[in-house]
Amino acid sequence: GEEVTLQVSQGQALGRVPNVVDLEENLARTEIRDAGFVPSASREASEDVEEGLVIRQDPAPGAELAEGETVEIVISSGQELFDLPNLEGLDDRAAEVQLAQLQLSPDLRREVSEDVEQGFVIRTEPAAGAQVARGDTIVVFVSDGPEVIEIDDFVGDNPVAARALLEQAGLEVRIEEVEVPNGSPDADTVLSTNPPAGSSALPGDVITLRVAVEAPPETTTTTTTTTTTEAPPTTQGGGGGGGDDDG
């Protein structure tokens, strides 16, 4: 009979899958292609693997796979982002607790505020609603209350200049006039303040300036007294009408 030759198919050539975990995406794709396979990538957030690097692969490194088959790789898209909540109106402790629960790091800073009560959050950087990731640092500005103003020593100063300085500092000024003797060196100067020098005040507080006002000069009135002396009445004599009596 005829001789029959049988050929046994060896099937597709097999290769070992390279290890591309922790490689940058482009490099991982090159390694897979060079090994005779087809790379296919997907993405997911990762708290541990830097953005753009391979988190894992399938099949696992070292596995045998027919040439031309697909190797799946998962690429890190970085840490998961979420919206920063609004912390305004919370006290500093409550803000710290909420950030800690979100695995965010608070950086508390104090600043004066006319509008927000002392100890409460004014604003954050980044602002509420911004995209943040766990581990990010959030700057929290906390109210230190309104700015405290120290009253300067204005004794002996010009009251107009003293008033201008106090009003520039946001204080309300009232003038109390105190009369001093005419010619006094204190005239037209500040005698004292209420509250006194060195005291603390807040914007809008009332400061009284006691200002020396010179008394009007004394008026001397001279009274002239006129004395009129009348001459005594003149008495006339008996005239010689009485002659000597004869005998």
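Everything below is about the structure shown above.
Quick caveat, the model's predicted, so the values are computed rather than measured.

A. Layout of the sheet that holds strand E13 (residues 190-194). The strand order across the open sheet built from three strands is E12-E15-E13, with neighbouring strands paired in mixed fashion. Unpaired on one side and paired on the other, strand E12 (172-180) and E13 mark the two borders of the sheet. Shown here is a sheet whose adjacent strand axes are inclined to one another by a mean of 25 degrees, direction ignored.

B. Region of the structure containing helix H2 (residues 92-101). Every buried residue of H2 is accounted for by Asp92, Ala95 and Leu99. Buried residues of H2, seen end-on, are gathered within an arc of 60 degrees and therefore sit on one face of the element. Of the residues in H2, the exposed ones pointing more than 90 degrees away from the buried face are Arg93 and Gln101. Against the buried residues of H2 lie strand E7 (105-111), strand E8 (121-125) and strand E10 (137-143). Of the residues that open H2, the one with a side-chain oxygen 3.1 Å from the backbone nitrogen of Arg93 is Asp91. Gln103, located one to two residues past H2, shows a positive phi value of around 60 degrees.

C. Representation of helix H1 (residues 25-34). For H1, the complete set of buried residues consists of Glu25, Ala28 and Ile32. Along the axis of H1, the buried residues cluster in a sector spanning 60 degrees; they form a single face. Exposed and facing more than 90 degrees away from the buried side of H1 are Asn26 and Asp34. Those residues of H1 that are buried are in contact with strand E2 (38-44), strand E3 (54-58) and strand E5 (70-76). Measuring from the backbone nitrogen of Asn26 back to the side-chain oxygen at the start of H1 gives 3.0 Å, which picks out Glu24 as the cap. Downstream of H1 by one or two residues, Gly36 has phi in the positive range, about 95 degrees.

D. How the structure looks around the pattern of salt bridges. One pass over the full model with this rule turns up 10 salt bridges. Of the charged contacts in the structure, one is a salt bridge between Arg134 and Glu47, with a shortest N-O distance of 3.9 Å. One end of the pair, Arg134, is in the loop between strand E9 (131-133) and E10; the other, Glu47, is in the loop between E2 and E3, and 87 residues separate them in sequence. Residue Asp92 is joined to Arg110 by a salt bridge in which the shortest nitrogen-to-oxygen separation is 2.8 Å. One end of the pair, Asp92, is in helix H2; the other, Arg110, is in strand E7, and 18 residues separate them in sequence. In the salt-bridge network here, residues are joined through shared partners; they are Glu25, Arg29 and Arg43.

E. View of the pairing of E5. Of all the seven residues making up E5, five are buried; the element is thus mostly covered by neighbouring parts of the structure. In terms of strand pairing, E3 meets E5 through four bridges, oriented antiparallel. Within E5, the residue paired with Gln57 across the bridge is Ile73.

F. Geometry of the sheet that holds E3. The mixed open sheet is built from three strands, whose spatial order is E2-E5-E3. Looking at strand neighbours, the two that pair on one side only are E2 and E3, the edges of this open sheet. Averaged over all adjacent pairs, the angle separating strand axes in this sheet is 25 degrees, with direction ignored. Across the sheet, H1 is in contact with E2, E3 and E5; its angle to E2 comes to roughly 150 degrees.

G. Structural detail: the nonpolar core. Core analysis: the largest hydrophobic core is formed by 12 residues, namely Ile149, Ile151, Phe154, Ala162, Leu166, Leu171, Val173, Val190, Ala201, Ile207, Leu209 and Val211. Contributing elements (two or more residues each) for this core: helix H3 (159-168) and strand E15 (206-214). Discounting residues that sit within four places of it in the chain, Ala201 has contacts with Glu147, Val148, Ile149, Ile151, Leu171 and Ile207.

H. How the structure looks around the packing of aromatic side chains. Within the structure shown, the criterion is met by zero aromatic pairs. Its end group placed over the ring of Phe141, Arg123 keeps NZ or CZ at 4.0 Å from the ring centre.

I. Molecular detail of the side chain of Thr193. If you trace the backbone, Thr193 turns up in strand E13. Classification of Thr193 by relative accessible area gives buried; the value is 12%. Polar side-chain contacts of Thr193 include one of 2.9 Å to the backbone oxygen of Pro195. Ignoring sequence-local partners within four residues, the contact set of Thr193 consists of Ile151, Phe154, Thr208 and Leu209.

The rules behind each value
- Residues numbered from 1 in each chain as written.
- Predicted model: local features only at pLDDT ≥ 70, side-chain atom pairs only at ≥ 80, totals over all residues.
- Heavy atoms only, no water.
- Pairing = 2+ DSSP bridges.
- Helix = DSSP H or I, 4+ residues; strand = E, 2+ residues; numbered from the N terminus.
- Axes fitted to C-alpha atoms, helices over the stretch in contact; angles between N-to-C directions.
- Buried < 20%, exposed > 50% of the residue type's maximum accessible area, 1.4 Å probe, protein only.
- Arc of directions from axis to C-beta.
- Contact = heavy atoms within 4.5 Å.
- Polar contact = N/O pair within 3.5 Å; in protein donor to acceptor, adjacent residues only side chain to side chain.
- Salt bridge = Lys/Arg side-chain N within 4 Å of Asp/Glu carboxyl O.
- Core = buried A, V, L, I, M, F, W, Y, C linked by side-chain atoms within 4.5 Å.
- Phe/Tyr/Trp six-rings, centres within 6.5 Å; stacked < 30°, edge-to-face > 60°.
- Lys NZ or Arg CZ within 6 Å of the ring centre and 35° of its normal.

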